[in-house]
2 protein chains.
Amino acid sequence: IHIHTYLTLYITFGLSRRKKYKLINIIVQCSDFRKTSECINLFIKQASTIKVHKMSIQLPADISSYDRTTFKAWINSFDVVLCDCDGVLWLHNDIYEGASDVVNKLTDLGKKVYLITNNNMASRQEMREKCQANNFKLEIENMISSAFAMGQYMKHIKFNKKVYVIGSNVLANELESVGLTVIGRGPDVAIDSLPDQVKNDLGQMDDEVGAVVVGFDHHYSFPKLFKAVNYLRNENVKFLATNTDESIDFPFFTFPDAGAIVAGIKNITKIDPIVIGKPSKILSDVTLKDEAHREPKRFLVVGDRLNTDIMYGNNNNYQTILVGTGVHNMTDVQQIIDKINNGKDSTEDTKKLIPDFYISSMKELKIKLESI
Amino acid sequence: IHIHTYLTLYITFGLSRRKKYKLINIIVQCSDFRKTSECINLFIKQASTIKVHKMSIQLPADISSYDRTTFKAWINSFDVVLCDCDGVLWLHNDIYEGASDVVNKLTDLGKKVYLITNNNMASRQEMREKCQANNFKLEIENMISSAFAMGQYMKHIKFNKKVYVIGSNVLANELESVGLTVIGRGPDVAIDSLPDQVKNDLGQMDDEVGAVVVGFDHHYSFPKLFKAVNYLRNENVKFLATNTDESIDFPFFTFPDAGAIVAGIKNITKIDPIVIGKPSKILSDVTLKDEAHREPKRFLVVGDRLNTDIMYGNNNNYQTILVGTGVHNMTDVQQIIDKINNGKDSTEDTKKLIPDFYISSMKELKIKLESI
């Protein structure tokens, strides 16, 4: 019914030697670009003399250009909305115009809306309070953070050793709430004498630690890096990360996120952490059990980052929509598509960065929703 | 005269159709494996019917196996010794057996010995004191650290803006000693309120900063990461690093080095720093001007790390020797050679990881030196 991916097929006809190639531009319209190879195969079967010469993926459809019927059909195509926060609904305390109206309208239309954020600085309770203060009609069960997901994951794998955490109090609380003993909370400040520092750090190491869990931590320091790296010398100690977002970009400054902390530890240990937050599939597995009965296509991920939100959606075969008010925009999508079309990078992971749909802002989406 | 690289050439003869290939194993002995292609070309020219089928690089020669004449010829082949410290002469305060005897004997034989270290925790004065306390007969002009090199580089490029430094007092002192104004020295500890922290950090930013200089810093903290990243939003601000060593590995613990700090900043900014220490050629350009009149082949780099020491030597076309008491050993060299020989990785940078020579320890080298 709804069209959102255009494929341009250049077809080579077996003509006379001199006129070897005749290119015909055909646009294949289908609802899921990941099914295009199926379409193409069908097409080729039915016209055995032609050969596909080049395949190109075009930009996701901007849903603001949909007519009323197409838009309505699209709205009816999903039941669960998994909505990112920073860059989509707000930027820290700056709530975007139309954001609460969109969330409330989708809820009114019978959608189950979850706020899913890699941000692990605010507790679910604080997220709910922020929502209620800004007229988002959402309850605590609608709030999912990568910190919450980390706790759920530890419970899921029945982890029962101590945890060394580099992260906020919120992350430590989530781990404690599933019965774990957490060490590493709060400041860990270096002293001036480096030999004493090393002696202190080594003296504080706890043999019962079975995991290093890394999230965002504004108390991150050299002693924390030292301890994390030394715990990970033991190959039985797990390395887990809430998320690997590089930063949150504000108009006038860049705010480092957990990615830089993870990168530092990985630089030394050469170990890839198990990431629980977006784009990891683990997040869905451990926090969306109530929705597990639904078809993946009945979920819609709303996000502003291609390498977290959109990839998370594609990792789960959910529908995905990019909102243009955050980190990535359509120029980024175009660059990735160009790379794929030029044959420069066509790995599965790269294809997963491409959203199905696009909307410039919550305000635009609000206008569309008011029209139905 | 001296043999240290063996090349196995498999030669294809143009025989009858049925016996198309006959492989002959020929060992070409030459003093510099980087000249092997020349040798091979000469060989091919003189026997025009043969084709080189496969070339393989073998392990560097262990100089402890040299006879007296070959060893003496090798000792006579260099004038300047550029010797790494940690992992070669000592590990922190644990001085390796024979290390001072080797350095002193080489000096007695008329060699100019420089200690060249990426370690930027100790000043040149402290390095000299450590040497003298342990019977190494070396003066301050024989001491080169990546911190000293950073100062010399800044002088060399006539840098005259302020510098934001993440590094030891030693690094800050080196920068001040060439007339620069340094900010960022010492602890920069986060306060508990994150919004206040961000406000404070942004308030402390200095518009006159023209470079972020990163070295090892045990006071490294989130506020320092925050400031570095935000200075680097301005594309006119340079990003410089003393070194990118991941860690110093002790038997019972891992000590993080500057690499982890650089990796965190790079994760966010996506900017590659200009690295001044090994393996960078810049180090030689700015600190070894007195030796600039010599042929590169008259220099010998002594080191324990392939990706810093040995690559540094090869970047400068110096001779290189791996000492087996530190980070890398002959198994690492063998793995790299296997990769090259199997055609899996034959980039120039990978070839630069292969040392010309090998010795298991300073103790072994001492024994050889006593024999001449």
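All values derive from a computational prediction rather than experimental measurement.

### Things to note about the confidence of the model for chain A
Point 1. For chain A, per-residue confidence averages 88 on the pLDDT scale, and residues scoring 70 or more make up 85% of the total.
Point 2. A low-confidence stretch, residues 47–54 of chain A stays under pLDDT 50, and its non-local contacts, those more than four residues away or across chains, total 21 contacts.

### A closer look at the UniProt feature "binding site: Mg(2+)" (unreviewed entry) in chain A
All names here are of chain A.
Point 1. Per the UniProt entry, the sites bearing "binding site: Mg(2+)" (unreviewed entry) are Asp84, Asp86 and Asp304 in this numbering. A maximum C-alpha distance of 8.2 Å among these annotated residues, which run over 221 residues, shows that they cluster at one spot.
Point 2. Mapped onto the elements of the fold, Asp84 is located in the loop between β5 (80–83) and β6 (90–91).
Point 3. Judged by relative accessible area, Asp84 falls into the buried class, the value being 7%.
Point 4. The residues touching Asp84, leaving out its near neighbours within four places in the chain, are Leu89, Ile116, Thr117, Lys278, Val302, Gly303, Asp304 and Asp309.
Point 5. Among the secondary structure elements, Asp86 is positioned in the loop between β5 and β6.
Point 6. Aside from chain neighbours lying at most four places away, what touches Asp86 is Leu91, His92, Asn119 and Asp304.

### Regarding the relation of the copies chain B and chain A
Point 1. Mapping chain B onto chain A is achieved by rotating through 180 degrees and translating by 0.1 Å along the same axis, at an RMSD of 0.1 Å. What the superposition gives is, in effect, a two-fold axis relating one chain to the other. Within chain B, Ser221 of chain B has its C-alpha nearest the rotation axis, a separation of 2.1 Å.
Point 2. Mapped onto chain A, 100% of the interface residues of chain B are again interface residues, and the two copies thus contact each other with one and the same surface.

### Concerning the UniProt feature "active site" (unreviewed entry) in chain A
Residue and element names in this part refer to chain A.
Point 1. UniProt records the feature "active site" (unreviewed entry) for Asp84 and Asp86 in the present numbering.
Point 2. Side-chain polar atoms of Asp84 contact the side chain of Lys278, separated by 2.9 Å.
Point 3. The exposure class of Asp86 is buried, given its relative accessible area of 15%.

### Quick notes on the sheet that holds strand β9 (residues 143–145) of chain A
All names here are of chain A.
Point 1. The strand order across the open sheet built from 7 strands is β4-β19-β18-β17-β5-β8-β9, with neighbouring strands paired in parallel fashion. Two strands bound the open sheet, and with one partner strand each, they are β4 (61–62) and β9.
Point 2. Pairing geometry for strand β17 (residues 299–303) and strand β18 (residues 319–323), over 4 bridges, is parallel. Bridged to Gly303 within β18 is Leu322.

### Observations regarding the interface of chain B and chain A
Point 1. Taken together, the contacts link 39 residues of chain B with 39 residues of chain A.
Point 2. Of the roughly 3200 Å² buried between chain B and chain A, counting both surfaces, carbon and sulfur atoms make up 68%.
Point 3. Considering only the surface of chain B that becomes buried against chain A, His218, Phe222 and Arg233 of chain B emerge as the three largest contributors, covering 20% of it.
Point 4. Put simply, chain B and chain A have 2 salt bridges between them.
Point 5. The partner of Glu246 of chain B in a salt bridge is Lys270 of chain A, and the shortest N-O contact between them spans 3.1 Å.
Point 6. Joining chain B to chain A, the criterion identifies 20 residue pairs in polar contact (both at pLDDT 80 or more).
Point 7. Residue assignment for the side of chain B that touches chain A shows that the elements contributing at least two residues are α7 (194–203), α8 (222–231), β15 (254–256) and α9 (258–269) of chain B.

### Some thoughts on the sheet that holds strand β11 (residues 182–183) of chain B
Residue and element names in this part refer to chain B.
Point 1. With respect to topology, 5 strands assemble into an open sheet ordered β11-β10-β12-β13-β16, the strand pairing being parallel. At either end of the open sheet lies a strand with only one pairing partner, and these are β11 and β16 (274–275).
Point 2. Relative to β11, strand β10 (residues 162–166) runs parallel, the two sharing 2 bridges. Counted as the bridge partner of Val163 is Val182 from β11.
Point 3. Contacting β10, β11 and β12 (209–214), α8 crosses the sheet at an angle of about 140 degrees to β10.

### A look at the packing of aromatic side chains
Point 1. Inspection of the entire model under this criterion finds 29 aromatic pairs over all chains.
Point 2. Both rings, one in Phe299 of chain A and one in Tyr318 of chain A, keep their centres 4.5 Å apart while their planes meet at 15 degrees; by these two values the pair is stacked. In this pair, Phe299 of chain A sits in strand β17 while Tyr318 of chain A sits in the loop between α11 (306–315) and β18, placing the two residues 19 residues apart along the sequence. As far as the burial class goes, Phe299 of chain A and Tyr318 of chain A line up, both buried.
Point 3. A network of ring pairs unites the aromatic residues Phe216, Phe250, Phe253 and Phe255 of chain A together with Phe222 and Phe226 of chain B as a single cluster.
Point 4. Positioned above the aromatic ring of Phe148 of chain A, the side-chain terminus of Arg124 of chain A is 3.7 Å from the ring centre.
Point 5. The side chain of Lys111 of chain B reaches across the aromatic face of Phe78 of chain B, ending 4.9 Å from its centre.

### Looking at the pattern of salt bridges
Residues and elements named next belong to chain A.
Point 1. Counted by the stated rule, this structure contains 43 salt bridges over all chains.
Point 2. Here Lys278 makes a salt bridge to Asp84, at a shortest N to O gap of 2.9 Å. With Lys278 in the loop between β16 (274–275) and α10 (282–287) and Asp84 in the loop between β5 and β6, this pair connects stretches of sequence that are 194 residues apart.
Point 3. Overall, Lys278 belongs to the buried group, its relative accessible area being 2%.
Point 4. With its nearest N and O atoms 3.9 Å apart, the salt bridge here joins Lys366 to Glu370. Residue Lys366 and its partner Glu370 are both found in helix α14 (residues 362–370); the two are separated by 4 residues, about one turn of the helix.
Point 5. The structure contains a network of salt bridges with shared partners spanning Asp79, Lys112, Glu291, Arg294 and Arg298.

### Some words on the packing of helix α3 (residues 99–108) of chain B against helix α14 (residues 362–370) of chain B
Two quantities define a packed helix pair, namely the angle between the helix axes and the distance between the axes.
All names here are of chain B.
Point 1. It is the contact of α3 with α14, at a shortest axis distance of 8 Å, that shows an interaxial angle of 40 degrees. Comparing their axes, α14 and α3 come out oblique. In the crossing of α3 with α14, the sense of the turn from one axis to the other is left-handed. Counted together, Ala99, Asp101, Val102, Lys105 and Leu106 of α3 and Met362, Leu365, Lys366 and Leu369 of α14 form the full contact between these two elements.
Point 2. Class assignment of the residues belonging to the contact of α3 with α14 gives a composition of 6 nonpolar, no polar and 3 charged.

Conventions adopted
The numbering scheme is per chain: residues are counted from 1 as the chain's sequence reads. Whichever chain is written first is A, and whichever ligand is written first is 1; the rest continue in order. pLDDT decides what is reported in this predicted model: residues at 70 or higher carry local features, side-chain atom pairs at 80 or more are listed and counted, and totals for whole chains, interfaces and linings draw on all residues regardless. Side-chain numbers come from the whole structure's heavy atoms, not from hydrogens or water. Confidence scores here are pLDDT values: one per residue, from the predictor, ranging 0 to 100. In this description, contact between two residues means that some pair of their heavy atoms is separated by no more than 4.5 Å. UniProt positions are given in the numbering used here, feature names are shortened, and annotations may be inferred rather than shown by experiment. Segments assigned H or I by DSSP are reported as helices when at least four residues long, segments assigned E as strands when at least two residues long, and all are numbered from the N terminus. Think of it in three bands: residues with accessible area under 20% of the maximum for their type are buried, residues over 50% are exposed, and the middle band is partly exposed, with areas taken using a 1.4 Å probe on protein chains only. Each copy is superposed on the other by least squares, with the fit set by C-alpha atoms of residues at a pLDDT of at least 70 in both. In protein, a polar contact requires one atom able to donate a hydrogen and another able to accept it; more generally it is a pair of N or O atoms within 3.5 Å, and residues adjacent in sequence count only if both atoms are side-chain atoms. Pairs of strands are assigned from DSSP output, requiring at least two bridges between the strands. Using a 1.4 Å probe, buried area is obtained as the accessible area two parts lose upon being combined, added over both of them. Basic side-chain nitrogens of Lys or Arg form a salt bridge, by our definition, when they fall within 4 Å of a carboxyl oxygen of Asp or Glu. Helix axes are fitted only over the stretch in contact, all axes being lines through C-alpha atoms; the angle between N-to-C directions runs from 0 to 180 degrees. What counts as a ring pair is set by centres within 6.5 Å for rings of Phe, Tyr and Trp (its six-membered ring), and what kind of pair is set by the plane angle: stacked under 30 degrees, edge-to-face over 60, tilted for all other angles. Put simply, a charge is over a ring when the Lys NZ or the Arg CZ is close to the ring centre, within 6 Å, and near the line of the ring normal, within 35 degrees. Angular relationships are summarised with four words: roughly parallel below 35 degrees, roughly antiparallel beyond 145, roughly perpendicular across 65 to 115, and oblique for the angles in between. In this scheme, a crossing is called left-handed if the near helix is turned counterclockwise away from the far one by less than a right angle; it is called right-handed if the turn is clockwise. Think of it as three bins: nonpolar holds Ala, Val, Leu, Ile, Met, Phe, Trp, Tyr, Cys and Pro, charged holds Asp, Glu, Lys and Arg, and polar takes everything else, Gly as well.

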